[in-house]
Amino acid sequence: MNRVVITGIGIYSCIGKNMDEVRTSLFKGKSGIGFDLIRKEMGFRSGLTGVIEKPELKGKLDRRSRIMLAEQGEYAYLATLEALAKAKMDEDYLEHNEVGVLYGNDSSAKSVIEATDILREKKDTVLIGSGSVFQSMNSTVTMNLATIFKLKGVNFTISAACASGSHAIGMGYFMIKHGLQNSIICGGAQELNYHSMGSFDALSAFSICESNPGAASRPFDQKRDGLVPSGGAATVILESYESAKRRGAPILAEVIGYGFSSNGGHISQPNVDGPVRSLEMAIKDANVKSNEIDYINAHATSTPIGDMNEAKAIDKVFGDSKPWVSSTKSMTGHECWMAGASEIVYSMLMMEEAFVAPNINFETPDEDSAKLRIAEKTVDKKIDMFLSNSFGFGGTNSSLIVKKFLN
Amino acid sequence: MIGNHPNEDEYLMAYSMWQLKNNYKHMNPEDIINKVNAFLVEEFEVEESKIEPNANLMETLELDSLDLVDLVVIIEKNFGFKVKGEDFIGIKTFQDFYDYISSHVTA
C-alpha cells in the first residue's frame, strides 16, 4: 500500500481568488457573503449568497475550451492551474504521465435552464449552441479538465451532494493507496447562481439575516437561522509518496485517513450515528488516536439541527481530548459540492501557517456546541494533524484526516 | 419588461424582429461582407487579414463540426434566419458564404 501525499493545492473562492488571498482572509476572519438583489426579484426567501468575481478567461484559454465550460468549470480550471503550478506538473509531465481527475460536482443547473429557455423561445435545438451539452452534464468539470489539461488517467465526477468534494479526495486517496494510479487531480466545484439555488431556497433552509450579510453564517451559534449558499472551486492534487519523491515534487502534507458512512435516516436532516461512524472509520483508517488530532474543520453549515448533531457526534468521538474546532463556512458560506475540497485547502493553509481560522459570528454557544472548543477568534496553534468533515443530503458522510508530512 | 402592458412587450419584440429581418433588405453586398467578417473575427478569434474571398472558409477559421453549430447560431443572431445543415454543402470559400447570406437576406 502506498503513502498518499498532497503535492499541489489551488483555490478560487469567495474569500480569495488564489492561495495568498485566501490565507489572508482566513487569518483575518473575512467574510465572503453578500446580498444578491436578483434573487429577491426572482422570489427567493433569502437574497444572501457568497460573492465571487467572474473569471475572465479570454486570452488564457482558447475559444473552444471556453465555450465548453460551465460557470463552475471556469472556477475549477483556475483552481487547477494554480495547483498544477504548485505541484510542478507542466504540460510535458501531463503528456508523459498518467494523471487522473476525480472532481466533486453535483449540478449544472444554469446551463440546463439556459438551453431550455432557448428551446422554448426558438423551438430549435441547433440554436442552443455547441457548448451547451458539455456544460450541462454533472460530469462537466471532469470532462473539461481532462480535455484542457490532456489528462490520461482515471476520469470521472463524484456526486454526493455537499460531501462531493470530500469523497472525491477520498476516492483519489483510495486509488493511489492501492496502486491504481500514481497521481490524481482531486477537487470540488460549485456553481454560484440563482438557477441552482432556487429549489434549495424553497426549503427555507437559508439564513434571512439580510441586513448584515457578513453575520448571517453563524455555525454553532445559538442564534443561527440557516445556511448561506456559496460556490467556487478547489483543487487538491494527490500523489503517491514514491512518485512525488522520484520527481522531486514539493510534498505539502499527507492524507492518512478516509472514513465514510450513510445515515440511513432522513433525506435532509442528519442524525448523530452516521457522522460518528464516519469519524471513527477515518480515525481507524489513519491508525491514530483521536487525541492526536489538533483541529477539526467542521461541516457545520449554520443550520439549527445540522450543527447540533455534528457537535454531538464530535463530542461523542473526541470527548475529553477537545481539539480546536471551527467551521470556515462562517466566512465562506456553504460551498456545497466544492466544500469538502475547499475545506481541505483552508485547513492546509492553517497547518502551514500554524493558526486556527476563526468560526466567525460565534457569540453564544448552545447546549451542544458549548461542549466543543470552538475558535471564536483566530488562534495561534501549531497543527500537525487535522480532520475535515463533510455531510450531504441523503445522509452521505465523509471524513478525511491529513497530517504534516514526516519523512 | 420594457413597456408596462404585457401586450406592449410582445408588440415591441415582434417589431424588433421585423426590423432585424427587414434592415438587411437595404444592405448592399459590401455591408454584408463587412458584417460577416466582423462576426467571424469576433466569434472565431481569427485575424481579419486571413480572410480572403477565395480562401477556404472552414480551413481558414479552423472550423470543426461543433463550430458549424455555433456558426448557425451567429447567423441567426445577426441576420435573423436559420441555416439548414445541408446549406453548408455548397459553401467552400468566404465568397460562397457571402453570396449565401446575401441570397437569404435580400430575397
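Residues numbered from 1 in each chain as written. Chains lettered and ligands numbered in written order. Predicted model: local features only at pLDDT ≥ 70, side-chain atom pairs only at ≥ 80, totals over all residues.

(A) Spatial organisation of the overall build of chain A. Along chain A, the regular secondary structure elements total 15 helices and 15 strands. Rg of the C-alpha trace for chain A: 20 Å, near the compact-globule value of 22 Å for 407 residues, within the 12% margin. Based on the C-alpha atoms only, the size of chain A along its principal axes is roughly 65 × 55 × 40 Å. Among the 407 residues that make up chain A, the fraction classed as buried is 58%. The contacts of chain A with a sequence gap of at least 6 include a subset with a gap of at least 24, amounting to 81%. (Helix = DSSP H or I, 4+ residues; strand = E, 2+ residues; numbered from the N terminus. Rg over C-alpha atoms; globule rule 2.2 N^0.38 Å. Buried ≥ 20, exposed ≤ 12 C-beta atoms within 10 Å, placed from the backbone. Contact = placed C-beta atoms within 7 Å.)

(B) Molecular detail of the nonpolar core. Counting residues in hydrophobic clusters, the biggest one holds 110 residues, and the most contacted among them are L145, C186, V236, L238, V345 and M350 of chain A. In terms of residue count, helix α15 (residues 339-353) of chain A provides more of this core than any other element does, nine residues in total. Ignoring any residue separated from it by four or fewer positions in sequence, one finds L145 of chain A in contact with A76, Y77, T80, V101, Y103, L151 and I185 of chain A. In terms of nonpolar packing, the next biggest core, distinct from the first, is built from 13 residues, V36, L71, V73 and V83 of chain B among them. (Core = buried A, V, L, I, M, F, W, Y, C linked by C-beta atoms within 7 Å.)

(C) Here's a closer look at the sheet that holds strand β5 (residues 155-158) of chain A. All names here are of chain A. The 11 strands are arranged β5-β4-β6-β7-β1-β8-β15-β14-β9-β10-β12 in an open sheet whose pairing can be described as mixed. Because the sheet does not close on itself, it has two edges, and the strands there are β5 and β12 (373-374). Judged from the eight bridges that link them, strand β14 (residues 385-392) and strand β15 (residues 396-403) form a sheet pairing that is antiparallel. Pairing of G392 across the sheet is with T396, part of β15. Those strands touched by helix α9 (residues 164-177) are β1 (4-13), β4 (99-104), β5, β6 (183-190), β7 (232-240), β8 (253-262), β14 and β15, and its axis lies near 175° from that of β6. (Pairing = 2+ DSSP bridges. Axes fitted to C-alpha atoms, helices over the stretch in contact; angles between N-to-C directions.)

(D) Examining the packing of helix α2 (residues 29-44) of chain B against helix α4 (residues 65-79) of chain B more closely. Residues and elements named next belong to chain B. At a minimum axis separation of 11 Å, α2 and α4 run at an interaxial angle of 135°. The orientation of α2 with respect to α4, classified from their angle, is oblique. Judged by the twist between their axes, the crossing of α2 over α4 is right-handed. Each of K35, F39 and E43 in α2 lies in contact with α4, whose residues at this interface are D70, I74 and N78. (Parallel < 35°, antiparallel > 145°, perpendicular 65-115°, else oblique. Left-handed = near helix turned anticlockwise from the far one by under 90°.)

(E) Summary view of the interface of chain A and chain B. Between chain A and chain B, the residue contacts involve six residues of the former and 10 residues of the latter. Looking at the side of chain A that touches chain B residue by residue, the class counts come to two nonpolar, two polar and two charged. (Nonpolar A, V, L, I, M, F, W, Y, C, P; charged D, E, K, R; others polar.)

(F) Inspection of the domain arrangement of chain A at higher detail. All names here are of chain A. As far as domains go, chain A holds domain 1 (4-246) and domain 2 (257-403). A C-alpha centroid distance of 21 Å is found between domain 1 and domain 2. Opposite the 59 residues of domain 1 that make contact, domain 2 presents 57 residues. Elements with a contribution of two residues or more to the side of domain 1 that touches domain 2: β1, α1 (19-28), α9, β6 and β7. Top element by residues in the side of domain 1 that touches domain 2 is α9. It accounts for nine residues. Per-class residue counts for the side of domain 1 that touches domain 2 are 29 nonpolar, 23 polar and seven charged. (Domains from an automatic or database assignment.)

(G) Inspection of the pairing of β7 of chain A at higher detail. All names here are of chain A. Among the nine residues in β7, nine count as buried, and that is most of the element. With burial as the criterion, each face of β7 is covered, one bearing G232, A234, V236, L238 and S240 and the other bearing A233, T235, I237 and E239. Inspection of the sheet shows β1 paired to β7 by nine bridges, in the antiparallel sense. Directly across from S13, in β7, lies its bridge partner G232. Pairing of β6 with β7, which is carried by eight bridges, proceeds in the antiparallel orientation. Across the sheet, residue G187 finds its bridge partner in β7, namely T235.

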